[in-house]
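# A look at the structure
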Amino acid sequence: MVLSLHLKNKKITMSVHKEYKKITTHSLQEMKIRGEKISMLTAYDYSMAKIFDEAKIDVLLVGDSASNVMHGHETTLPITLDEMISHAAAVIRAVNRCLVVVDLPFGSYQGNSKEALNSSIRIMKESEAHAVKLEGGEEVVESIKRILTAGIPVMGHLGLTPQSIYKFGTYEVRAKEDAEAQKLLHDAKLLEEAGCFALVLEKIPSKLAKQVTELVKIPVIGIGAGSDVDGQVLVSHDLLGINKDFSPKFLRRYLNLFDEIKGAVEQYIADVKSVDFPNEKEQY
Ligand code: KIV
């Protein structure tokens, strides 16, 4: 819940939140009901996941954006199920508190619902993650229902769905036109009815994201979808400024780690070359 007080003409905004020892899908549902915003970030490795979990992030997404930021591919399409499981297992080894959701990568679920179930079982069994996420609306409803029969929680993803980049042709804002907006509202309802525990909305007009958030009872987490949703997700490399090439309007960069790390490495190289490192105290 967000409380706004007006003290001496100054607006003070405070968020009231419950302390959770462990975040589950039920905690997220409670947060939506209470009006507490959900914080979510991507993570792909042990060390970063440990920091994010200690900072008390609510949800870590082992996103298929690993294909871009960890493997250097241009799109999310090339990353494999084995690679996603390896990233997810590393993240799981690091965390104590947050909920870990893993993206089903391109080609691991679109074939049919049995393939979707088998890929989800592999993720859950081999990485010990807590939930899976997949992209799409009506066309993946059957798969979502089948995955749920195994007791695996599913997060949906609508709006800009990067696995369909070659269908869209661009990474521009989706659902600006009425027909696509109506389909998105319809899909959101179908995903809720199918049993998704939450929904990601990527790069859509904030007015439409607000409508979806009011339409469905499950938590809606936005990326480039404005503030009238139940929570926010960002790709951690973008937020930390590790990745300098990506600067969409919706991104807030909290650090400039690319330059900071580069500066530190340049200093290290200079210290090695000049025999400043190691000094007397740094040797046995
Ligand atoms: O793969 C990813 O990082 C994602 C987020 C952008 C939501 O799906």
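Everything that follows concerns the structure shown earlier in this document.
Residues numbered from 1 in each chain as written. Predicted model: local features only at pLDDT ≥ 70, side-chain atom pairs only at ≥ 80, totals over all residues. Heavy atoms only, no water.

## Notes on helix 1 (residues 25–34)
As a reminder of what qualifies: Burial classes: relative accessible area under 20% of the type maximum marks a residue as buried, over 50% as exposed, and values in between as partly exposed (1.4 Å probe, protein chains only). Each helix is a run of DSSP H or I of at least 4 residues and each strand a run of E of at least 2, with the numbering of both proceeding from the N terminus. The arc in question is traced by the directions running from the helix axis to the C-beta atoms. Throughout, a contact is declared for two residues whenever any of their heavy atoms are within 4.5 Å.
Listed as buried for helix 1 are T25, S27, L28, M31 and K32. In a view along the axis of helix 1, the buried residues occupy a sector of 160°, so they form one face of it. Along helix 1, exposed side chains directed more than 90 degrees from the buried face belong to H26 and I33. Where helix 1 is buried, its residues touch strand 3 (38–42), strand 4 (59–62), strand 5 (99–103), helix 9 (206–215) and strand 9 (220–223). G35 lies just past helix 1 and shows a positive phi near 85°.

## Notes on helix 5 (residues 113–127)
Here is the rule: One less than the number of residues in a helix, times 1.5 Å, gives the span that helix is expected to have. Under the rule applied, a polar contact is a pair of N or O atoms within 3.5 Å (in protein, one hydrogen donor and one hydrogen acceptor; residues adjacent in sequence only if both atoms are side-chain atoms).
Look at helix 5: 21 Å from first C-alpha to last across 15 residues, which is about the 21 Å you get at 1.5 Å a residue. All buried positions along helix 5 are accounted for by S113, A116, L117, S119, S120, I123 and S127. The buried residues of helix 5 occupy an angular sector of 165° when the element is viewed end-on, so they sit on one face. Buried-residue contacts for helix 5 involve helix 4 (81–94), strand 5, strand 6 (131–133) and helix 6 (141–149). One side-chain oxygen at the N-terminal end of helix 5 lies 3.0 Å from the backbone nitrogen of K114; it belongs to N112.

## Considering a nonpolar patch on the surface
Condition: Here a patch means residues that are over 30% exposed by relative accessible area and free of salt bridges, tied together within 9 Å if like-charged and within 5 Å if nonpolar (Val, Leu, Ile, Met, Phe, Trp, Tyr). Residue-level accessible areas treat just the shown protein chains as cover; the underlying method is Shrake-Rupley with a 1.4 Å probe. A side-chain nitrogen of Lys or Arg and a carboxyl oxygen of Asp or Glu constitute a salt bridge if their distance falls within 4 Å.
Residues I261, V265, Y268, I269, V272 and F277 make up a contiguous nonpolar surface patch of about 520 Å² in total accessible area. Positionally, I261 belongs in helix 11 (residues 257–273). Judged by its relative accessible area of 45%, I261 is partly exposed.

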